[in-house]
Amino acid sequence: MLKIVHAADIHAGRPASRELDKEKASIRRREIETGLFRIAELCRREKADLLLLSGDLFEHSHARATWAREAGEVFRSIGGTRVFISPGNHDPLVRDSLYKTVDWPGNVTVFESDRIGEVVLEDLSTVVYGLGWRTYLEHRRLLQGFRGARDGLFNILVIHGDVVWNAGASDSGSQYLPIHLEDLEGTGVDYAALGHIHVPGAFKAGEVTAVYPGCPEPLDFGDKGERGVYLVTAARREGQAGFSVSPEFIPMALREMRSEDLDITGLDTLERVRNAVLSFGDSSARKRDLWAIRLTGVVEPEIVFDIRELERSLGDDFFFLRLVPDYSPGYDLDALSDPENSSLEGRFARHLMGLRDELVEKGEGRSARIADLALQYGLDALRQGKVILRRGR
Ligand SMILES: [Mn+2]
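Residues numbered from 1 in each chain as written. Predicted model: local features only at pLDDT ≥ 70, side-chain atom pairs only at ≥ 80, totals over all residues.

### Let's talk about helix α1 (residues 22–33)
Compared with the 16 Å implied by 1.5 Å per residue over 12 residues, the 17 Å span of α1 between its first and last C-alpha is a close match. Considered for burial, the residues of α1 that qualify are Arg 28, Ile 32 and Glu 33. One side of α1 carries all its buried residues, which in axial view fall inside an arc of 130°. In the core, the buried residues of α1 are packed alongside α2 (35–46) and α3 (65–77). (Helix = DSSP H or I, 4+ residues; strand = E, 2+ residues; numbered from the N terminus. Expected span 1.5 Å × (residues − 1). Buried ≥ 20, exposed ≤ 12 C-beta atoms within 10 Å, placed from the backbone. Arc of directions from axis to C-beta. Contact = placed C-beta atoms within 7 Å.)

### Section: the sheet that holds strand β10 (residues 191–195)
Here six strands make up an open sheet; going across it, the order is β5-β6-β7-β10-β12-β11 and the pairing mixed. Each having just a single partner strand, β5 (117–121) and β11 (201–205) make up the two edges of the open sheet. If you compare each strand with its neighbour and ignore which way they point, the axes differ by 20° on average. Two strands pair when backbone bridges link them, and β11 and strand β12 (residues 208–212) are joined in this way by five bridges, in the antiparallel orientation. Looking at the pairing, Phe 203 lines up with Ala 210 of β12. (Pairing = 2+ DSSP bridges. Axes fitted to C-alpha atoms, helices over the stretch in contact; angles between N-to-C directions.)

### With respect to the environment of Thr 34
Looking at where Thr 34 falls in the secondary structure, it is placed in the loop between α1 and α2. In this structure the C-alpha to C-alpha distance between Thr 34 and Val 229, which are 195 residues apart in sequence, comes to 14 Å.

### Brief notes about the sheet that holds strand β4 (residues 108–110)
Strand pairing in a sheet takes place through backbone hydrogen bonds and is either antiparallel or parallel in direction. Strand order in this open sheet of six strands is β4-β3-β2-β1-β13-β14, and the pairing throughout is mixed. Each edge of the open sheet is held by one strand with a lone partner, namely β4 and β14 (243–251). Neighbouring strand axes in the sheet, compared pairwise and without regard to direction, differ in orientation by 20° on average. Relative to β4, strand β3 (residues 82–85) runs parallel, the two sharing three bridges. Pairing of Val 83 across the sheet is with Val 108, part of β4. Lying on the sheet, α2 is in contact with β1 (2–7), β2 (50–53), β13 (228–236) and β14; it crosses β1 at an angle near 170°.

### A short note on the environment of Pro 15
Inspection of the secondary structure assignment puts Pro 15 in the loop between β1 and α1. By C-beta crowding, Pro 15 is classed as partly exposed, having 14 other C-beta atoms within 10 Å. In sequence terms Pro 15 and Leu 270 are 255 residues apart; their C-alpha atoms lie 33 Å from each other. For Pro 15, the residues in contact, after removing those within four places along its chain, are Ala 25, Arg 29 and His 62.

### Considering the domain arrangement of the protein
Its domain assignment divides the protein into domain 1 (2–251), domain 2 (257–329) and domain 3 (333–384). The straight-line distance from the C-alpha centre of domain 2 to that of domain 3 is 30 Å. (Domains from an automatic or database assignment.)

### Describing the environment of Leu 373
Relative to the assigned elements, Leu 373 resides in helix α10 (residues 365–384). Exposure remark for Leu 373: the 18 C-beta atoms within 10 Å place this residue in the partly exposed category. The spacing of Leu 373 and Arg 390 is 17 residues in sequence and 7.9 Å in space, taken between C-alpha atoms.

### Here's the deal with α10
Counted at 1.5 Å a residue, the expected span for α10 with its 20 residues is 28 Å, and the 28 Å between its end C-alpha atoms agrees. Turning to α10, its buried residues number three or more, namely Ala 371, Leu 375, Gln 376 and Leu 379. In an axial view of α10, the angular spread of the buried residues amounts to 135°, which keeps them on one side of the axis. Remark: Gly 385 follows α10 within two positions and exhibits a positive phi of approximately 80°.

Structure follows, in structure tokens:
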């Protein structure tokens with residue numbers, strides 16, 4: 001049985017979001033660049049035969065030479081695990097690449113050519129194919145026509161690239177090494193260790209088991225949900241040809257990115273909103289994770305919340321908190337529609353409401369919605385002195 005740890009897209013050196021303060025940004029940056037070291041720890045614990053790193057191991061423009069040396073030492077410390085690295089678009093083998101500054105230990109192979117290379121591991125009855133990016137963009141279908149199906153061996157492909165899910169469509173123009181499903185299937189490998197997509201997921205292309213492990217630590221606010229690596233076991237099928245391949249996702253991220261909506265309709269003081277925000281997660285999840293909370297709903301137009309102040313006052317409760325105001329003032333349209341009301345607001349509101357009703361009657365729903373938004377924006381301008389952007393409802 002073969003035990004494989006497969007990771008990708010660590011992006012060591014990547015600066016944390018500019019929104020983090022200096023101290024937390026440096027904490028987060030270190031957590032991201034030490035992801036590799038925790039992965040090596042997993043290899044040690046699992047006694048993994050292979051560690052596959054499918055590109056974007058570091059960011060060429062940000063990673064430090066000292067980090068690369070640390071990485072070399074960490075690889076040396078797991079000498080029982082063979083390490084295969086296929087550079088990607090963030091760590092391409094350009095002239096001054098960090099890959100060329102480190103004297104990598106003997107258990108490490110970096111695929112340095114953009115033509116597919118191979119390493120046969122006799123003792124493991126395994127062959128590992130891979131190629132490395134040498135530029136920041138790669139339009140070529142480098143897998144097209146490649147076949148790597150050695151009889152009797154477990155065939156692995158390590159590559160950083162962009163799977164094209166619906167070939168035939170015009171989206172084959174990826175600049176990140178397009179991998180057409182037919183090309184992937186045609187390789188005939190048993191396991192395709194992919195990198196590039198930051199969301200973890202396993203799939204089949206014909207008989208090929210393919211995995212994007214995703215980034216081990218979330219990098220952007222879009223990276224919601226668990227992040228980690230894959231632990232893959234491969235064994236010969238009893239009495240049959242071929243191998244059974246079982247990829248298992250192993251969550252590893254130190255922190256999660258959380259996005260939540262909070263309806264603040266009816267919460268009429270900052271203190272109430274504050275308490276509602278504190279109802280998310282438990283205190284350890286709040287202190288650990290990075291949270292983006294969208295405040296929705298309708299509030300009385302007289303209430304003005306100082307959102308930045310609220311974020312500051314909650315700063316100690318969350319590792320990071322971003323509040324996104326997306327609520328809107330609820331105007332009392334009944335009072336404004338009274339013909340006795342001769343204020344500018346009243347006359348404006350009646351005009352727009354009349355227009356809206358006319359459009360509804362004509363069946364012009366979209367224009368009616370625009371008239372309704374114009375009513376809200378106009379009242380914002382008159383009452384608040386500014387316009388509050390709303391989602392079209
Ligand atoms: Mn990446």
